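Structural features, examined
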Amino acid sequence: MFLVKHHFALFILILCHAFQSNADVFEVKGLLVHSIAQIEDDEEAPFEIRAVNKRHKCGGDSSNLFRVYSEYDLVGERRFNMAMTAMELGYTLSLSTKSCEGKALIVNKIKISR
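First things first, this report covers the structure right here in the doc. Everything numeric in this text was worked out from a predicted model, so none of it was measured.

Basis of the calculations
- Residues numbered from 1 in each chain as written.
- Predicted model: local features only at pLDDT ≥ 70, side-chain atom pairs only at ≥ 80, totals over all residues.
- Heavy atoms only, no water.
- Helix = DSSP H or I, 4+ residues; strand = E, 2+ residues; numbered from the N terminus.
- Buried < 20%, exposed > 50% of the residue type's maximum accessible area, 1.4 Å probe, protein only.
- Contact = heavy atoms within 4.5 Å.
- Areas by Shrake-Rupley, 256 points an atom, 1.4 Å probe, with all protein chains shown as cover.
- 1 Å grid on protein atoms, 1.4 Å probe; cavity = no way out; pocket = protein on both sides within 12 Å on 5 of 7 lines; lining within 4 Å.
- Points joined across faces, edges and corners; volume = space filled by probe spheres on them.
- Pairing = 2+ DSSP bridges.

Things to note about the overall build of the chain
Each helix and strand in the chain was counted, giving 2 helices and 6 strands. Counted from the first residue to the last, the chain has its helices and strands arranged as α-β-β-β-β-α-β-β. By residue count, 28% of the 114 residues in the chain fall in the buried class. Pairs at least 24 residues apart make up 49% of the contacts formed inside the chain by residues separated by at least 6 positions. Of the roughly 8,000 Å² of accessible surface on the chain, 58% is carried by carbon and sulfur atoms.

Quick word on the layout of surface pockets
When its volume is computed, the largest pocket comes out at roughly 240 Å³. In terms of lining, the largest pocket is formed by 16 residues, of which the most central are Q38, E43, A45, G76 and E77. Residue contributions to the lining of the largest pocket peak at 4 residues, all from helix α2 (residues 73–89).

Considerations on the pairing of strand β4 (residues 65–68)
Of the two faces of β4, the one holding L65 and R67 and the one holding F66 and V68 are both buried throughout. In this structure, strand β3 (residues 47–51) lies alongside β4, joined through 4 bridges in antiparallel fashion. From the neighbouring strand, F47 faces β4, where its bridge partner is V68. Summarising the sheet, β4 and strand β6 (residues 104–113) pair through 4 bridges and their orientation is parallel. Counted as the bridge partner of F66 is L105 from β6.

Below, the structure written as structure tokens:
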């Protein structure tokens, strides 16, 4: 009986972990860029996007802040250029996000569309 309870508890833990991992990933489509900023003065610093029309609940309150980290300089430059182009030309961004960091939703991937 103990072994059955142990396996059931393990199954529940694995199920909860899988649900939690999938719950952290969000797709944001049709984001209009209000502003772009790089707050920190560091070569590995993220940049931030403020949205006109999209909000999330990171930090407990409604927020329009999206933070973009890039491991590689070239990738960071491409992502920044896509965000800048979207802001300048009124295009929209589609974002794949993974988790919250304070009031910011962390961005994994960026796609630009007309």
